[in-house]
Amino acid sequence: MRRIRARRRIVAAAAGVTTLANVALISPVLSGSAVAAPVHAAQGVKVVPATAGEQSESAAQSLLTTEQCQAKWQISCYTPNQLRQAYDLNPLYRAGVTGKGRTIVIVDSFGSPTIQHDLDVYSARFGMKSTPVDVVKWGNVPSFDPANPAHVGWAGESTLDVEMAHAVAPDAHIVLVESGADQDGNGATGLREMMDAEKSLIDRGVGDVISQSFGATENTFPGFRSGDFSSIENLRYAFKDAAKRKVTVLAASGDSGATNTTANGNAHYPYKVNAWPSSDPLAVSVGGTRLHLDAKGERIAPDSVFNDEGASGGGPSHVFARPSYQSGVKQLVGDHRGTPDVSMSAAMKGGAWVYSSYNPKRVGWDVYVGTSEASPLFAGIVALADQVAGHRLGDIHQALYALSAQPSRNPSTGIVDVKDGTNNSYAGVAGYTAVKGYDMATGVGTIDAARFVPALAKAG
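The rules behind each value
- Residues numbered from 1 in each chain as written.
- Predicted model: local features only at pLDDT ≥ 70, side-chain atom pairs only at ≥ 80, totals over all residues.
- Heavy atoms only, no water.
- Salt bridge = Lys/Arg side-chain N within 4 Å of Asp/Glu carboxyl O.
- Helix = DSSP H or I, 4+ residues; strand = E, 2+ residues; numbered from the N terminus.
- Buried < 20%, exposed > 50% of the residue type's maximum accessible area, 1.4 Å probe, protein only.
- Disulfide = S-S within 2.5 Å.
- Phe/Tyr/Trp six-rings, centres within 6.5 Å; stacked < 30°, edge-to-face > 60°.
- Lys NZ or Arg CZ within 6 Å of the ring centre and 35° of its normal.
- Core = buried A, V, L, I, M, F, W, Y, C linked by side-chain atoms within 4.5 Å.
- Contact = heavy atoms within 4.5 Å.
- Expected span 1.5 Å × (residues − 1).
- Polar contact = N/O pair within 3.5 Å; in protein donor to acceptor, adjacent residues only side chain to side chain.
- Pairing = 2+ DSSP bridges.

A. Representation of the pattern of salt bridges in the model. Tallied over the full model, the rule gives 14 salt bridges. Where Glu 178 meets Lys 137, a salt bridge forms, and the shortest distance between an N and an O atom there is 2.6 Å. Residue Glu 178 is located in strand 6 (residues 173–179), and its partner Lys 137 is located in strand 5 (residues 133–138); the two are separated by 41 residues in the primary sequence. By relative accessible area, which is 54% here, Lys 137 ends up exposed. With a shortest N-O distance of 3.3 Å, Asp 203 and Arg 245 are connected by a salt bridge. Remark: Arg 245 occurs in the loop between helix 8 (237–244) and strand 9 (248–252) and Asp 203 occurs in helix 6 (residues 187–203); sequence separation between them is 42 residues. A residue is classified by how much of its surface remains accessible, and Asp 203, at 32% relative accessible area, is partly exposed. A relative accessible area of 39% places Arg 245 in the partly exposed class. Here the residues in one salt-bridge network are Lys 199, Asp 203, Asp 241 and Arg 245, joined through shared partners.

Right under this line is the structure:
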């Protein structure tokens with residue numbers, strides 16, 4: 001049976017931990033996006049978060065510069081201020097476009113007992129004002145246990161999601177849905193509980209954009225082998241409701257390139273597969289890139305495909321037919337829905353600093369990576385576009401692909417092509433190469449927010 005897995009990974013701690021390496025993702029019921037996040041597995045398989053080691057009390061109090069990270073861990077590590085510069089967000093902030101009046105909903109198992117405190121510390125460290133996080137507990141959410149690997153893993157995922165969304169849209173309201181779905185190890189039950197939570201919020205008018213950093217391989221759903229996809233179809237009610245009520249739904253594309261994990265989460269399929277909800281035509285699939293930045297956040301090289309200790313998830317769905325918005329790229333995706341649609345920062349060699357204190361043995365700063373970083377980053381972008389438009393944009397697929405199709409990739413659209421020839425091959429499965437135009441490694445590419453946000457607001 002299927003296992004839901006978080007996509008987040010922890011690369012290193014500010015203490016002195018070495019590097020990240022392969023994060024063993026043994027999930028509970030859902031999965032997040034950074035490189036080492038735990039996920040739920042269907043038949044009792046639980047998520048075991050990847051840890052980079054213990055932090056020293058003193059080292060946890062300070063951050064390393066990008067140069068220091070390169071010297072110490074052979075990776076680049078970025079602050080939100082560097083990410084803001086890289087994605088050209090500062091002109092929007094100066095114009096008052098900060099996500100004010102918009103709400104981002106983040107859905108995770110268990111959540112974090114210190115989420116507000118950690119966001120406050122994170123914001124203060126980088127000169128941002130914090131924002132209240134409304135926590136919605138859905139189902140039987142157990143008390144946080146720092147000795148429980150699943151609880152710790154999902155707390156890390158929750159912290160990453162909240163801090164990344166806030167970094168992009170500092171005035172957006174954040175709602176964190178904490179589900180108890182991870183307890184019994186049943187992926188089907190867990191996913192349905194998550195979808196129930198999302199639909200409830202949508203029906204009550206809560207949220208303009210929903211970010212999901214979890215996924216389950218399509219092949220692991222009941223009936224898949226016989227061509228019966230009803231088990232997935234029966235989970236889509238929240239997304240259909242979101243489409244009707246103009247709520248944008250995002251999903252991390254995964255960290256396993258063109259493949260994904262088997263049912264128990266201990267191995268990868270030796271051939272190309274895809275994962276839901278990223279593969280759903282009603283969800284914007286957010287893939288991963290690698291940023292190449294200097295200390296100020298200026299690019300020293302064009303973006304490339306996230307492919308180091310993980311790789312940007314992407315490829316054709318084996319469940320969903322090609323949606324109309326991908327008609328213009330049918331020669332690339334074929335007859336099926338192709339992922340991702342768009343990409344943001346996710347690589348280990350360019351991870352994001354995150355602050356947390358939910359684990360008393362590991363209080364301080366860590367570097368996180370994976371498409372669990374990319375999805376909440378893009379959620380912030382959508383919140384900014386909603387503010388500019390003055391209303392919810394809802395399903396942005398049509399607008400996204402229309403902007404991408406403009407002659408010569410008109411710079412005014414803010415869509416930045418990723419075409420450096422890198423690829424998302426992973427775990428021995430050949431992936432897709434980043435080429436001119438759309439590809440199944442980065443989608444239409446990445447974005448220049450100062451141009452993309454107003455263009456999306458207008459097109460949407």
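B. Inspection of the state of the cysteines at higher detail. What the rule picks out here adds up to one disulfide. Paired by a disulfide, Cys 69 and Cys 77 hold their sulfur atoms 1.6 Å apart. With the S-S bond torsion at 90°, the cross-link from Cys 69 to Cys 77 turns out right-handed. The two residues Cys 69 and Cys 77 agree in class, both being buried.

C. Representation of the packing of aromatic side chains. What the rule picks out here adds up to 13 aromatic pairs. The interplanar angle of 55° and the centroid separation of 6.3 Å between the aromatic rings of Trp 73 and Trp 353 together place this pair among those described as tilted. In this pair, Trp 73 sits in helix 1 (residues 66–73) while Trp 353 sits in strand 16 (residues 351–356), placing the two residues 280 residues apart along the sequence. In this pair, the class of Trp 73 matches that of Trp 353, namely buried. For the pair Tyr 122 and Trp 365, a centre-to-centre distance of 6.3 Å together with 35° between the ring planes defines the contact as tilted. With Tyr 122 in helix 4 (residues 115–125) and Trp 365 in strand 17 (residues 364–369), this residue pair connects regions lying 243 residues apart in the sequence. Judged by its relative accessible area of 0%, Tyr 122 is buried. Among the aromatic residues, ring-to-ring pairing joins Tyr 122, Phe 126, Tyr 355 and Trp 365 into one connected group. Sitting over the face of the ring of Tyr 87, Arg 299 holds its NZ or CZ atom 5.8 Å from the ring centroid.

D. Up close: the nonpolar core. With 86 residues, the main nonpolar core has Phe 378 and Ile 381 as its most contacted residues. Per element, the largest residue contribution to this core is nine residues, and it comes from helix 10 (residues 371–389). What Phe 378 contacts, discounting residues up to four positions off in sequence, is Leu 250, Val 284, Val 286, Val 342, Met 344, Ile 396 and Phe 452.

E. Spatial organisation of helix 5 (residues 149–168). In a regular helix each residue adds 1.5 Å, so 20 residues correspond to 28 Å; helix 5 covers 29 Å between its end C-alpha atoms and thus fits that length. Two or three places before Ala 150, at the opening of helix 5, Asn 148 has a side-chain oxygen 2.9 Å from that residue's backbone nitrogen.

F. Looking closely at the pairing of strand 17. Counting buried residues along strand 17, six of its six residues qualify, which places the element largely inside the surrounding structure. Bridging between strand 16 and strand 17 involves five bridges; their strand directions are antiparallel. Counted as the bridge partner of Tyr 355 is Trp 365 from strand 17.

G. Region of interest: the environment of Val 97. As for its placement among the helices and strands, Val 97 is situated in the loop between helix 3 (90–94) and strand 4 (103–109). We classify Val 97 as buried; its relative accessible area is 10%. Distance from Val 97 to Ala 385, taken between C-alpha atoms, is 8.4 Å for residues 288 residues apart in sequence. When residues no more than four places from it in sequence are discounted, the contact partners of Val 97 are Leu 92, Leu 384, Gln 387 and Val 388.

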